[in-house]
Amino acid sequence: MADAAEFQGPSASPARRRLRRAGALLAGAPLLAGLLQLTAAEPAQAAPADSVSVALDSLTPSAPTEDDTLTVSGTVINNGRQTVNGAHVGLRVGPLLNTRSAVDAIAQHPNDLRGGTGDEVGGKYTEKFTKLVPGVAEHFSISVPVDKLDLGKDGVYSFGVSVSGQTSARPWDQMLGIERTFLPWQPSGADTTSRTTFLWPLLSSVHMTARTGAGERQTPVFQDDELAKEIAPGGRLAQMMELGRDLDVTWVIDPDLLAAVDAMANSYRVQQPDGTTKAGSRENQAVAKQWLAGLQKAVAGKEVVALPFADPDLASLAHTGTSVTGSLSHLKDATDVAAITVKTVLHVTPSTDFAWPVEGAVDPSIIKVATSAGADRVITRSDSLRETAGLSYTPSAARPIGGGTTAVVADARMSTAFEGDLTKADTSTLAVQQFLAQSLEVNVQKDEQRSIVVAPQRTPTASQAQAMATAVKALQDGNWSQPENLTDAAKAKPDPDATTRIPSTSAYPSSLRKQELPRSAFEQIADTQDKLDNFQVILTDQSRVVTPFGRAINRGMSTSWRGQATRAEGFRAGVESWLDNLGEQVKLIDKSETKLSGRSATIPVTVQNNLVQPVGHLYLRLSSTQPTRLKIGGKAYYEQPVEVSGGHSQSVKFTTSANANGRATVLAQLYTEDGQEYGDPVSFDVKVTEVTPTVMLVIGGGVLLLVLAGFRMYTQRKRAAARQAEGEGEGDGPSEAEADSGDGSGNPDGSEDRLPEESGSPAGAAGPDQPGDPAPDTAPESADPSGTGERVDR
């Protein structure tokens, strides 16, 4: 090429030069295409390096010491198209990780071959496979003495399991896959140990409705039977109870869950799609009793924190609920009943000093609402209350934020370590090792003891709970941490350099705000409360209604409704509907037209009570819409107190007076003692008919005839008595013939000697002339039990 370059030939013409260039381009096109194909083919040739996946299913012990033997097991799967020959699985110890961010990087990409894979332990601490067939999983298990790992300084090491082999396309030994995790190395006690608080949340979704049975026990009605599945052996809550029993944790409990299980243990009913209910099974009752008994033992001697009843959504209250009057009062009620419920069911006295917003996200309004019901400690998280001073270490959890309130800042990395799908063994193992790695990294940051709080997700799944328990157990057995309860963590000396500034409202995560309860939810709750206030006034035993509906209102603003807007709306509507149904059981009976055939009369109005308890504190007002024609009690309206026994009706009589003939409309309405209308009014017409002189004459004639008849009987009786007295005075009595034939008085049977009332005559039956009360148009109050079809309250 040099020679050619140096050769000086005749100069070519411009046309010839253009022709040469075109020919060169055409000749080089295939070569350029080949180069492009070669470049594009490089990733395809490198693909086999990622074609074998490794799943690290078990690593025990999680935090080994010098005398331990580390056992690693898992599976490898050839995901490529070519068989891998001469494969082997080996263990790799990577570099010491000096920061928490380095741990994060590996956790985000555990299968990345481009990261620091470390050196293979090699030797006999491998497992060999003659070949790995595509799509076939192969199990491996390798045990190695820890002293063979050549670990040095205390701290967290990157640790991986790799698979190597060769394929027909690349016939040389190469690393085809890896899964990296962490190996915490603290073989002896640390000079300074962290104090770690792990919250063990025992919460569930809403299960109980506002409905209860009519009996003395007020059998509760559940939405479904899902709670029975959660507390049954193997269920989520059953595992949470069993796992937490052997751990040094702080129990965080929703009292509503305890109330629901306690109700189930005693007898319950389940709501059906058609609105009916069926009895809960005896098997589920036995399961509930067993779970409660186990939980009582599990929490004995442990710290128990009671959240407000039904775990109200503090952020929703702060952002939308406070604009609706009365919303905050429900939070106070939920807090007051929390301690009573926990103490009654579990026989321990809980702490009610803590508030726990969703995911620990706070802003000034949430802090204000959280502390409004008496809590002076708010559990937040470090990804909400972020450090602004550029600290090189993780400060203690307690932060004074003013007003006598302490923010207890949970570590975000450790708190979120168990989120996601942990049903697979390898993801669960990675979560455990990542948690331990972060904990050890925190401890080596500073030679000063600090209090670290871990607040995991509210309702962990069974697999998440198992991973949490494994991690907590390993941490308790480790050499760098000691357990601490939440109250002590909140009292610990705060770090003066740690941030205490609450983030602004605009910084609140939009993803969480989208899940909040809308304003309409709190408006509906307020309407239900107003109806409850109006209804309870008339009850003689208010607790039968106030207690179940008050707790149902608390459930209507539960945190568990996040992401379930439709179900939440249905629940609140159901509570209000059932309250309306109960209120309608006390009502006025419709009345047809009434006729008055005189100037005055009494009109009965019937009040029906289909509740099982008596009602009172009611007034029935009868109003005339035309007082110039018809007056009630001498006025335009008149009212009387009403008391009706459970399952009965009561007629209330009103005196009316008519001033003119014609039709007048009368309105009946029930009122509570405080003057509020109760129920729907009933209107009916009263037709007034004038009393005519002819009718009066007929009545007067009849009375006169009765008087004359009575006078005649009286004179006959006097004469008979006189004759009898005269005969006795002369000493002569009547002859037998006279006695047989009578005494000439015209009464052969001698009936004049009987009293009129004895003779059986109509006059005797009539008695004194006393007009009677008109017959009521309703039956008298009955003492018979209510029919089976009646609706009753609880």
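Report on the accompanying structure.

Thresholds, definitions, all that
Residues numbered from 1 in each chain as written. Predicted model: local features only at pLDDT ≥ 70, side-chain atom pairs only at ≥ 80, totals over all residues. Heavy atoms only, no water. Helix = DSSP H or I, 4+ residues; strand = E, 2+ residues; numbered from the N terminus. Buried < 20%, exposed > 50% of the residue type's maximum accessible area, 1.4 Å probe, protein only. Contact = heavy atoms within 4.5 Å. Areas by Shrake-Rupley, 256 points an atom, 1.4 Å probe, with all protein chains shown as cover. Patch = residues over 30% accessible without salt bridge, like charges linked within 9 Å, V, L, I, M, F, W, Y side chains within 5 Å. Salt bridge = Lys/Arg side-chain N within 4 Å of Asp/Glu carboxyl O. Pairing = 2+ DSSP bridges. Axes fitted to C-alpha atoms, helices over the stretch in contact; angles between N-to-C directions. Phe/Tyr/Trp six-rings, centres within 6.5 Å; stacked < 30°, edge-to-face > 60°. Expected span 1.5 Å × (residues − 1). Parallel < 35°, antiparallel > 145°, perpendicular 65-115°, else oblique. Left-handed = near helix turned anticlockwise from the far one by under 90°. Nonpolar A, V, L, I, M, F, W, Y, C, P; charged D, E, K, R; others polar. Core = buried A, V, L, I, M, F, W, Y, C linked by side-chain atoms within 4.5 Å. Lys, Arg positive; Asp, Glu negative; His and termini not counted. Charge placed at Lys NZ, Arg CZ, Asp CG, Glu CD. Polar contact = N/O pair within 3.5 Å; in protein donor to acceptor, adjacent residues only side chain to side chain.

### A closer look at the overall build of the chain
Here is step 1 of the chain: Counting secondary structure elements, the chain contains 22 helices and 30 strands.
Here is step 2 of the chain: The burial tally for the chain puts 45% of its 794 residues in the buried class.
Here is step 3 of the chain: Partitioning the intrachain contacts of the chain with sequence separation of at least 6 by distance along the chain shows that 78% fall at a separation of at least 24.
Here is step 4 of the chain: Of the roughly 39,200 Å² that the chain leaves accessible, carbon and sulfur atoms contribute 51%.

### Comments concerning the side chain of D104
Here is step 1 of the chain: Mapped onto the fold, D104 is located in helix α3 (residues 100-108).
Here is step 2 of the chain: Discounting chain neighbours no more than four positions away, the residues touching D104 are R413, Q434 and Q438.

### Regarding a nonpolar patch on the surface
Here is step 1 of the chain: Where nonpolar side chains cluster on the molecular surface, the patch consists of L704, L705, V707 and L708 and spans about 420 Å² of accessible area.
Here is step 2 of the chain: Tracing the backbone shows L705 in helix α19 (residues 693-730).

### Considering the pattern of salt bridges
Here is step 1 of the chain: Applying the stated criterion across every chain yields a total of 23 salt bridges.
Here is step 2 of the chain: Where D313 meets R562, a salt bridge forms, and the shortest distance between an N and an O atom there is 2.8 Å. On the criterion of sequence distance, the pair formed by D313 in the loop between β15 (304-306) and α8 (314-319) and R562 in the loop between α17 (543-555) and α18 (565-583) is long-range, its members being 249 residues apart.
Here is step 3 of the chain: The class of R562 is buried, set by a relative accessible area of 12%.

### Topic: the sheet that holds strand β26 (residues 630-632)
Here is step 1 of the chain: Taking strand neighbours across the sheet as the criterion, the 4 strands line up as β22-β24-β28-β26 in an open arrangement whose pairing is antiparallel. Among the strands making up the open sheet, the edge pair consists of β22 (586-588) and β26. For this sheet, the mean inter-axis angle between neighbouring strands, taken without regard to orientation, is 35°.
Here is step 2 of the chain: As defined by bridge partners, β26 adjoins strand β28 (residues 648-658) across 3 bridges and the pair is classed as antiparallel. Within β28, the residue paired with I632 across the bridge is T656.

### Topic: the packing of aromatic side chains
Here is step 1 of the chain: Evaluation of the coordinates by the stated rule reveals 7 aromatic pairs.
Here is step 2 of the chain: Taking the centre distance of 6.2 Å and the plane angle of 45° together, the rings of F198 and W200 count as tilted.
Here is step 3 of the chain: Judged by its relative accessible area of 3%, F198 is buried.
Here is step 4 of the chain: With relative accessibility at 0%, the residue W200 sits in the buried group.
Here is step 5 of the chain: Their ring planes at 45° and their centres at 5.3 Å tell us that F418 and F435 sit as a pair that is tilted. You can see F418 sitting in the loop between α11 (412-415) and α12 (425-444) and its partner F435 sitting in helix α12, a full 17 residues away along the chain.
Here is step 6 of the chain: Given a relative accessible area of 1%, F435 falls into the buried group.
Here is step 7 of the chain: Here a set of aromatic residues connected by ring pairs shows up, and it is made of F198, W200, F418 and F435.

### Some words on unusual backbone geometry
Here is step 1 of the chain: P61 follows T60 through a cis peptide bond whose omega is -10°.
Here is step 2 of the chain: Here P61 lies in the loop between β1 (52-60) and β2 (69-78).
Here is step 3 of the chain: Its identity is not glycine, yet A310 carries a phi of approximately 75°, on the positive side.
Here is step 4 of the chain: By relative accessible area, A310 is classed as buried at 1%.

### Description of helix α7 (residues 282-299)
Here is step 1 of the chain: Along its 18 residues, α7 runs 26 Å from first to last C-alpha, staying within 8% of the 26 Å computed at 1.5 Å per residue.
Here is step 2 of the chain: Along α7, the residues classified as buried are N284, Q285, V287, A288, W291, L292, G294, L295, A298 and V299.
Here is step 3 of the chain: One or two residues past the end of α7 sits G301, with phi positive at roughly 80°.

### Description of the packing of helix α5 (residues 236-245) against α7
Here is step 1 of the chain: Between α5 and α7, the least distance of the axes is 9 Å, while the angle of their chain directions is 25°. In terms of axis orientation, α5 runs roughly parallel to α7. Note that α5 runs across α7; the crossing there is left-handed. Contacts between α5 and α7 involve L237, A238, M241 and R245 on the former and, on the latter, W291, G294, L295 and A298.
Here is step 2 of the chain: Of the residues assigned to the contact of α5 with α7, the class counts are 6 nonpolar, 1 polar and 1 charged.

### Here we look at the packing of helix α16 (residues 519-536) against α17
The description of two helices packed together rests on the angle between their axes and the distance between the axes.
Here is step 1 of the chain: At their nearest, the axes of α16 and α17 sit 11 Å apart, and the two run at 175° to each other. By the angle between their axes, α16 is roughly antiparallel relative to α17. Of the residues in α17, those touching α16 at I525, T528, Q529, L532, F535 and Q536 are V545, V546, F549, G550 and I553.
Here is step 2 of the chain: In terms of residue class, the contact of α16 with α17 is made up of 7 nonpolar, 4 polar and no charged.

### Considerations on the nonpolar core
Most often, soluble globular proteins keep nonpolar side chains buried together rather than apart.
Here is step 1 of the chain: Counting 74 residues, the largest nonpolar core has F535, F549 and L620 as the members making the most contacts within it.
Here is step 2 of the chain: In terms of nonpolar packing, the next biggest core, distinct from the first, is built from 70 residues, A107, V249, A265 and A338 among them.

### Section: a negative patch on the surface
Here is step 1 of the chain: On the surface, E66, D67, D147, D154, D191 and D447 cluster together into a patch of negative charge.
Here is step 2 of the chain: Summarising the element assignment, D67 is placed in the loop between β1 and β2.
Here is step 3 of the chain: Among the residues examined, D67 registers a relative accessible area of 76% and is labelled exposed.

### Notes on the side chain of N554
Here is step 1 of the chain: Looking at the element boundaries, N554 is found in helix α17.
Here is step 2 of the chain: Only 3.1 Å separates the side chain of N554 from the side chain of R551, close enough to count as a polar contact.
Here is step 3 of the chain: Among residues more than four places away in sequence, those in contact with N554 are F309, A310, H330 and A334.

### Overview of the environment of G160
Here is step 1 of the chain: Along the polypeptide, G160 turns up in strand β7 (residues 155-166).
Here is step 2 of the chain: On the accessibility criterion, G160 (1% relative accessible area) is buried.
Here is step 3 of the chain: The spacing of G160 and D119 is 41 residues in sequence and 9.4 Å in space, taken between C-alpha atoms.
Here is step 4 of the chain: Beyond its immediate chain neighbours, meaning those up to four positions away, G160 contacts G90, L91, R92, E179 and R180.

### Overview of the sheet that holds strand β14 (residues 277-279)
Here is step 1 of the chain: Ordered by their spatial adjacency, 4 strands build an open sheet running β10-β11-β13-β14, and the pairing between neighbours is mixed. The open sheet terminates on both sides in strands that have one partner only, identified here as β10 (208-212) and β14. Looking at each pair of strands side by side, their axes are set apart by 35° on average, direction ignored.
Here is step 2 of the chain: For strand β11 (residues 220-222) and strand β13 (residues 269-271), the ladder comprises 2 bridges, and the chain directions are parallel.

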